[in-house]
Amino acid sequence: MPVYRFYHQTSRWMSKNGNKEYLAALGYSAGEIDGILKAFPSGIYTPVSELKMLGPVGLNSLVEAVRLEIASKNQRPRSPVFVNIKLPGKASMLKIQALEGDTFYDLVQSHHELNRYLECACKGIAACSTCHVIVDPAFASRLPKPEESEADMIDLAWGATDTSRLGCQIHITKEVDGIVVTIPEQSNNLFGK
Ligand code: FES
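Residues numbered from 1 in each chain as written. Predicted model: local features only at pLDDT ≥ 70, side-chain atom pairs only at ≥ 80, totals over all residues.

1. Thoughts on the overall build of the protein
To keep it simple, the criterion reads: Helix and strand assignments follow DSSP, with helices taken as H or I runs no shorter than four residues and strands as E runs no shorter than two, numbered in order from the N terminus. Computation of the radius of gyration draws on C-alpha atoms, with the globule rule given as 2.2 Å multiplied by the number of residues to the power 0.38. The burial label depends on the number of other C-beta atoms within 10 Å of a residue's C-beta. Counts of 20 or more mean buried, 12 or fewer mean exposed, and intermediate counts mean partly exposed, with C-beta atoms placed from the backbone. Throughout, a residue-residue contact means that the two C-beta atoms, derived from backbone geometry, are no farther apart than 7 Å.
Per the secondary structure count, the protein includes 7 helices and 7 strands. Along its sequence from the N terminus, the protein presents helices and strands in the succession β-α-α-α-α-β-β-α-β-α-α-β-β-β. Computed over the C-alpha atoms, the radius of gyration of the protein is 17 Å, within 12% of the 16 Å expected from 2.2 N^0.38 for a compact globule of 193 residues. For the C-alpha atoms alone, the extent of the protein along its principal axes is close to 55 × 40 × 30 Å. By residue count, 33% of the 193 residues in the protein fall in the buried class. Put simply, 71% of the contacts in the protein that link residues at least 6 apart link residues at least 24 apart.

2. Quick notes on the pairing of strand S6 (residues 179–182)
Selection rule: Two strands qualify as a pair provided DSSP detects at least 2 bridges between them.
On S6, burial follows the alternation: Ile179 and Val181 on one face are buried, whereas Val180 and Thr182 on the facing-out side are not. In this sheet, S6 lies alongside strand S2 (residues 80–86) in parallel orientation, the contact comprising 4 bridges. When the bridges of S6 are listed, Asn84 appears paired with Val180.

3. Section: the confidence of the model for the protein
Quick note on the threshold: Every residue is assigned a pLDDT by the predictor, reflecting its confidence on a scale from 0 to 100.
For the protein, per-residue confidence averages 88 on the pLDDT scale, and 91% of positions sit at 70 or higher. Residue range residues 1–13 is modelled with pLDDT below 50. Its contacts to residues more than four positions away, or to other chains, number 24 contacts.

4. Things to note about the domain arrangement of the protein
In plain terms, the rule: The domain limits used here are those given by an automatic or database domain assignment. Each residue is assigned to one class: nonpolar for Ala, Val, Leu, Ile, Met, Phe, Trp, Tyr, Cys and Pro, charged for Asp, Glu, Lys and Arg, and polar for all the others, Gly among them.
Domain boundaries assigned for the protein yield domain 1 (10–74) and domain 2 (80–182). Look at where the C-alpha atoms of domain 1 and domain 2 centre, and you get two points 23 Å apart. Listed by contribution, the elements that provide at least two residues to the side of domain 1 that touches domain 2 are helix H1 (19–25) and helix H2 (30–38). If you tally residues by element for the side of domain 1 that touches domain 2, the top one is H1, at 3 residues. Within the side of domain 1 that touches domain 2, the residues separate by chemical class into 5 nonpolar, 1 polar and 3 charged.

5. Details of the environment of His171
By secondary structure assignment, the location of His171 is in the loop between strand S5 (164–166) and S6. A tally of 14 C-beta atoms within 10 Å means that His171 is categorised as partly exposed. Setting aside residues no more than four positions away along its own chain, His171 makes contact with Gly101 and Thr103.

6. So, unusual backbone geometry
Among all residues except glycine, the phi angle is most often negative; among peptide bonds, the trans geometry is most common. Located in the positive-phi region is Cys120, a residue other than glycine, with phi close to 50°. With respect to the element layout, Cys120 can be found in the loop between helix H5 (104–110) and strand S4 (132–135). Overall, Cys120 belongs to the buried group, with 24 C-beta atoms counted inside 10 Å. A positive phi is found at Ala126, a non-glycine position, where the angle reads about 60°.

7. Section: helix H7 (residues 148–155)
As a reminder, the rule being used: Throughout, the arc means that of the directions going from the helix axis to the C-beta atoms.
Along H7, the positions that sit buried rather than exposed are Ser149, Met153 and Ile154. Summarising the axial view, the buried residues of H7 lie within an arc of 140°, below the 170-degree limit, and thus occupy one face. Along H7, exposed side chains directed more than 90 degrees from the buried face belong to Glu148 and Asp155. Contact partners of the buried residues in H7: S5.

Structure follows, in structure tokens:
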């Protein structure tokens, strides 16, 4: 019997000051947005007005630097790590070989069968909760604690538990090799249009 996931638009949610949505609307990827915000002293709290003060030329220069940093990271050899995913309504687990540093958003890009279960509506900027996963308690404490913006979004996720995380914010490392996560049967899509 097929399992249906339901997507509810319950409210418009904005990240801290709407800065991530602003950068996403300019066409930057989740990784680029993270890098851009990290370049500011206020990090994820950087107001849009501060981003705008850079002007198009300043922002482009910053993005180029961020892209170079991402490219250099991607050239480093990455070890395989294994991920086990309990899918709604399925008895057996989906086992995936990921690469160190991948997030569950990356896995959705490379394993299209996951699309049905993890919509990733905001493309990995922690603004929708459709990548919500519940981490097996044996692995949850091995992950870095969620940042405030992630924790805020988890509070709004469907069926959240103490070990809930946004899949797009989990960087799979050797410390969590063999991680087990459960995808809830439903999800809330809080990404404003
Ligand atoms: S993909 Fe939207 S919160 Fe993770």
